[in-house]
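Okay, here's what each chain looks like letter by letter:
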Amino acid sequence: MSKILIFIICLLSAICVYSQLDESFINYSKPKKYKIGGISVSGTEFLDPNAIIAVTGLKQGDEIQVPGDAMTLALKKLWDQGILGDIQVRVSKIVDNEIFFDFYLKERPRLSKFVFFGIKKGEQDDLREKIKLIKGKVLTDVVIKNTQNKVKNFFVEKGFKNTKVIIQQARDSNTTTANTVTLRIIINKGRKIRVDKVEINGNMIYPDKKLRAKLKHTRNYNLGIMHIRRKFNAIKYEEDKKKMIDFYNNNGYRDMQIIKDTTYLKGKKYVDVKIGLSEGRKYYFRNIDWEGNYLYTDQQLSQVLGVKKGDVYNMSQMEKRLNYNPNGADVSSLYLDDGYLFFSVDPVEVSVQGDSIDIEMRMYEGPQATINKVSVAGNTKTNDRVILREIRTMPGRKFSRADLIRSQREIATLGYFDPEQIGITPKPNPEKGTVDIDYTVAEKPSDQIELSGGWGGWTGFIGTLGISFNNFSARNISKFRKWSPLPAGDGQKLSLRVQANGAAYQSYSASFSEPWLGGKRPINLGISLSHSVSRIGLGYWGGLGSTSYYGNNTAGINTAARGSLQVSSISLTLGRRIRWPDDYFTLSHSITYSYYVLDNYSIIPAYATGFSNNFYLSNTLARNSIDSPIFPRKGSSITTTLYTTPPYSLLSENVQRNIDEVKNQQYKLVEYYKVMFDMAWYTNLLGGKEGKGFLNNLVICTRAHFGFIGRYNSDLNYTPFERFVMGGSGLSGFNFVLGSDIIGLRGYANNSIGPYTYSSNSELREFGGGIVYNKLVYEVRYPITTSQMATVFVLGFFEGGNNYYSYSQFSPFNLKRAFGLGARIFMPAFGMIGVDYGWPLDAEIYQQGGNFTFSIGQQIR
């Protein structure tokens, strides 16, 4: 019909053309050939005349017949552009055998602006993104109609089924440009249509209630006396019907059909839905045969497939076990992980007898594929080599799907790119038996600024200023043009941090790490410096004196005493990845020297003033297989660390002659060994993928933590430093306990979890920290958003822990328990920020009610 309309328009235009010619020059009954002497264009404002002439297909020197088909075809080509409102062709003159044409064109109006009427501002903002009209756009009939449809569909999807949209064009008088118009988009949403009743007929196997549950976006809810009606969405309704069919198919009813469905208005506000079903019979798998397999036997393939004779017929489940099974092995992984990129398998029904179906697996194994080229795109700041050194699919290697998945994880764990936008595109070449692999990434901000303040209970207000450059480049320091604000792109990390509470507490730290020392192997080199000072007896909070205990209660604190503890440390770390037992393991070694200066600052009884040297070696064996560093859904993180100092007392000659003298000097050279164990296990509740429903997005996080301190010489006391204090947020700045390992326990006050010692009259006395602790945590997490700009998730937790002064007191099941709720917000510029409210179940009598806990950064303990 549209072609006929165009032909009529062209014909009328041709008649218009020739009607303007002087009849003394043209004889309609006897067409005459002319040579085109020239072509001009008039009436245009934005269009290029030369481009218009080129579109007609006519050019100077051509011979055409007038009247004839050449001019009609030229007009049709101009009309086909859709940007012209009127076309007239005039003969300006005829000289001898040459004819001169002038194309007088009227352009279609262009958009100046568009205005909505009849809807709210928020809806207008959403529609602007939807219709995507830009200033200067030619307003063709197609553009107007598409805009009208998009606006209408926008509201139909929101339940306004009777939406009416009128688009008017008004000349824009506020612009000097001619032929520009303002679109007036007038919208009448009408009443929102909701589903009143859903009727299902023909179902004998499953009850109405179960089937309505599959109509997720169309069903209603009856809550006692309340009847909640969902808005009707035609698009979602079609999706719901497909889910109902899938439900039957996945339970063996392969012949199930929706034989009819009707939706009809019920007044002006409601719609009723009526669905008629034909369920068919239930089918089962019988014989499954394999054809074309040479690398693996039928028995091996059947074992991986996991479908046995008599199982309910479910082709959807079979497809997963053939091609991709998120919860286990599948047949294709056997081949794709061994380089058989061109492998394919096609399950074919070869026999249907009664309720039994025979399947034949027709396979093509093909040759092994070798990786040819690997490329990276989308990294605007990070150097290619930083990405390429992390991937497992190198040129010359055999193709492996497992290596692709692992490479995607390694790129995500760098923290420089949006995990949701990491793309992998294999480009196979069957003729050569090779494959090219293209990786695409989207940079996200990775540097972090920490500027925060908090209230640490009796510790008062504390402020923090820190900055971490997580993608630093030391080699480009002298190249100022590459600073943004510092040189970046080489994957190094530089961190600076200051934390203070006036004169009471101050901490300064700096660290640098290079993850690929030398650039050829993943050997991590790190160096860090820190200095902290804690002062007591400054008038607003007391000392760590003889009658105090850690907690919110400050009664009995000796505020007259003044003292300080200063700790200065330097640490050098060297770590590497290891491939045994698997390549998720890392092994690192660190040498640390800490210098303690005490001035009337009682860490333990009888040692308040002096200095101590703590020189220790730490060895850490860790395994990390989590799929994302920000919001893990699966995998685990296990870390075991051994800290050891030299056994000074055993090396000294005095130990045999005068043990008392050794005891007097034992704190000058601190000696101990300490073991720390941390484990975190992440499990997706249903093993599904992100975005597949509420339950599939729930993540279970189970953690266990354990630590103990030992001594080489039983005649000496345990070290007063590096002990464990427990309770609260686990952040050192809010605890003011230097030279200790701080273990958080939500729901309890800072440092409030034992151990305590008692005097002869049973008065509570100061503790010097525990020498053994254990802690168990159970969390349920749910993501609110995992976008590039921010990751937000909420959580519920139940945890318990305890801290002990001696091994004789240690009881692993005697835990201080707590439960509560929390939230985490991760923004690339600020890192992870968290808040929890915990309620203690085993609090001491002095602690009443629950506690808010704030956290900065991800704490594993």
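Before any of the text, the structure's been laid out above.
Below, the structure is looked at part by part. Predicted, not measured: the structure shown is a model, and the values here were computed from it. (Residues numbered from 1 in each chain as written. Predicted model: local features only at pLDDT ≥ 70, side-chain atom pairs only at ≥ 80, totals over all residues. Heavy atoms only, no water.)

Scanning the protein chain from terminus to terminus reveals 16 helices and 38 strands. When the 861 residues of the protein chain are sorted by exposure, 44% land in the buried category. At a minimum sequence separation of 6, the contacts of the protein chain that also span at least 24 residues come to 62%. Accessible surface, the protein chain as shown: approximately 43900 Å² in total, 54% of it carbon and sulfur. (Helix = DSSP H or I, 4+ residues; strand = E, 2+ residues; numbered from the N terminus. Buried < 20%, exposed > 50% of the residue type's maximum accessible area, 1.4 Å probe, protein only. Contact = heavy atoms within 4.5 Å. Areas by Shrake-Rupley, 256 points an atom, 1.4 Å probe, with all protein chains shown as cover.)

This next bit is on the pairing of strand β30 (residues 723-726). The alternating pattern of β30 places Arg-723 and Val-725 and Phe-724 and Met-726 on opposite faces, both of which are buried. In this sheet, strand β31 (residues 740-743) lies alongside β30 in parallel orientation, the contact comprising four bridges. Of the residues in β31, the one forming a bridge with Phe-724 is Asp-741. (Pairing = 2+ DSSP bridges.)

Formed by 29 residues in total, the largest nonpolar core has its most connected members in Leu-565, Tyr-596, Leu-598, Tyr-672, Phe-721, Met-726 and Tyr-773. Taken together, the elements giving at least two residues each to this core come down to β24 (563-578), β25 (585-599), β30 and β34 (772-786). Contacts of Tyr-596, omitting those with residues within four sequence positions, involve Leu-565, Gln-566, Val-567, Gly-610, Phe-611, Ser-612, Asn-614, Phe-721, Glu-722 and Gly-739. Of all hydrophobic cores here, the second largest spans 23 residues; its members include Met-71, Leu-78, Ile-87 and Phe-103. (Core = buried A, V, L, I, M, F, W, Y, C linked by side-chain atoms within 4.5 Å.)

Turning next to a nonpolar patch on the surface. Residues Ile-527, Leu-529, Ile-570, Leu-572, Ile-591, Tyr-593, Tyr-595, Val-597, Phe-611, Phe-615 and Leu-617 make up a contiguous nonpolar surface patch of about 900 Å² in total accessible area. The set of elements that each furnish at least two residues to the nonpolar patch consists of β23 (523-536), β24, β25 and β26 (610-624). With four residues, the top contributor of residues to the nonpolar patch is β25. (Patch = residues over 30% accessible without salt bridge, like charges linked within 9 Å, V, L, I, M, F, W, Y side chains within 5 Å. Salt bridge = Lys/Arg side-chain N within 4 Å of Asp/Glu carboxyl O.)

Here the focus is the sheet that holds strand β12 (residues 270-278). Spatial ordering of the open sheet is given by β8-β12-β11, a layout of three strands whose pairing is mixed. Every interior strand has two partners, whereas the edge strands, β8 (194-201) and β11 (257-266), have only one. In this sheet, adjacent strand axes meet at a mean angle of 15° when their direction is disregarded. The pairing of β8 with β12 spans seven bridges and is classified as parallel. If you follow Ile-200 over to β12, its bridge partner there is Ile-275. (Axes fitted to C-alpha atoms, helices over the stretch in contact; angles between N-to-C directions.)

To continue, consider the packing of helix α4 (residues 121-131) against helix α5 (residues 141-156). Helices that pack against each other are described as a pair by the angle of their axes relative to one another and the distance between those axes. Two elements in contact, α4 and α5, have axes separated by 10 Å at closest approach and are oriented at 130°. Put simply, α4 runs oblique to α5. In the packing of α4 onto α5, the handedness of the crossing is right-handed. On α5, the residues touching Glu-123, Asp-126, Leu-127, Lys-130 and Ile-131 of α4 are Thr-147, Lys-150, Val-151, Phe-154 and Phe-155. A per-class count over the contact of α4 with α5 returns five nonpolar, one polar and four charged. (Parallel < 35°, antiparallel > 145°, perpendicular 65-115°, else oblique. Left-handed = near helix turned anticlockwise from the far one by under 90°. Nonpolar A, V, L, I, M, F, W, Y, C, P; charged D, E, K, R; others polar.)

As a further point, take unusual backbone geometry. Cis geometry marks the peptide bond from Trp-580 to Pro-581, where omega comes out at 5°. As for its placement among the helices and strands, Pro-581 is situated in the loop between β24 and β25. One non-glycine residue, Asp-96, adopts positive backbone phi at about 55°. With a relative accessible area of 73%, Asp-96 lands in the exposed category. Here the phi dihedral of Glu-722 falls at roughly 65°; this positive angle occurs in a residue that is not glycine. Relative to the elements of secondary structure, Glu-722 occurs in the loop between β29 (699-710) and β30.

With that settled, consider the pattern of salt bridges. Summed over the entire model, instances satisfying the criterion amount to 33 salt bridges. The partner of Glu-410 in a salt bridge is Arg-392, with the nearest N and O atoms 3.8 Å apart. Placement of the pair is Glu-410 in helix α12 (residues 401-414) and Arg-392 in the loop between α11 (384-388) and α12, with a sequence separation of 18 residues. Taken individually, Glu-410 and Arg-392 each receive the classification buried, so the pair is uniform in this respect.

What follows concerns the environment of Arg-521. Among the structural elements, Arg-521 can be located in the loop between β22 (505-514) and β23. When near neighbours in sequence (up to four residues on either side) are disregarded, Arg-521 contacts Pro-515 and Trp-516.

All chains considered together, the criterion is met by 25 aromatic pairs. Ring pairs connect the aromatic residues Tyr-206, Phe-247, Tyr-248 and Tyr-253, which therefore count as one cluster. Taking the ring centre of Tyr-313 as reference, the NZ or CZ of Arg-254 above it sits at 5.9 Å. For the cation-ring pair, Arg-711 lies above Tyr-718, with the distance from its terminal atom to the ring centre recorded as 4.2 Å. (Phe/Tyr/Trp six-rings, centres within 6.5 Å; stacked < 30°, edge-to-face > 60°. Lys NZ or Arg CZ within 6 Å of the ring centre and 35° of its normal.)

Taken together, the three strands give an open sheet; going across it, the order is β5-β7-β6, and neighbouring strands pair in mixed fashion. Because the sheet does not close on itself, it has two edges, and the strands there are β5 (110-117) and β6 (164-171). Here the strands of the sheet are splayed against their neighbours by 20° on average, with no regard to which way each runs. Of the strand pairs in this sheet, β6 and strand β7 (residues 180-188) are connected by eight bridges, and their pairing is antiparallel. In the strand pairing of β7, Lys-164 is matched with Asn-188. Its contacts with the sheet put α4 on β5 and β7, and the angle it makes with β5 is roughly 145°.

This brings us to α4. Taken together, the buried positions of α4 are Glu-123, Gln-124, Leu-127 and Ile-131. Looking straight down α4, one finds that the buried residues subtend no more than 100° of arc, so they occupy a single side. Facing away from the buried side of α4 by over 90 degrees, the exposed positions are Lys-121 and Glu-129. Contact partners of the buried residues in α4: β5, α5 and β7. Residue Lys-132 follows α4 closely and has a positive phi angle near 55°. (Arc of directions from axis to C-beta.)

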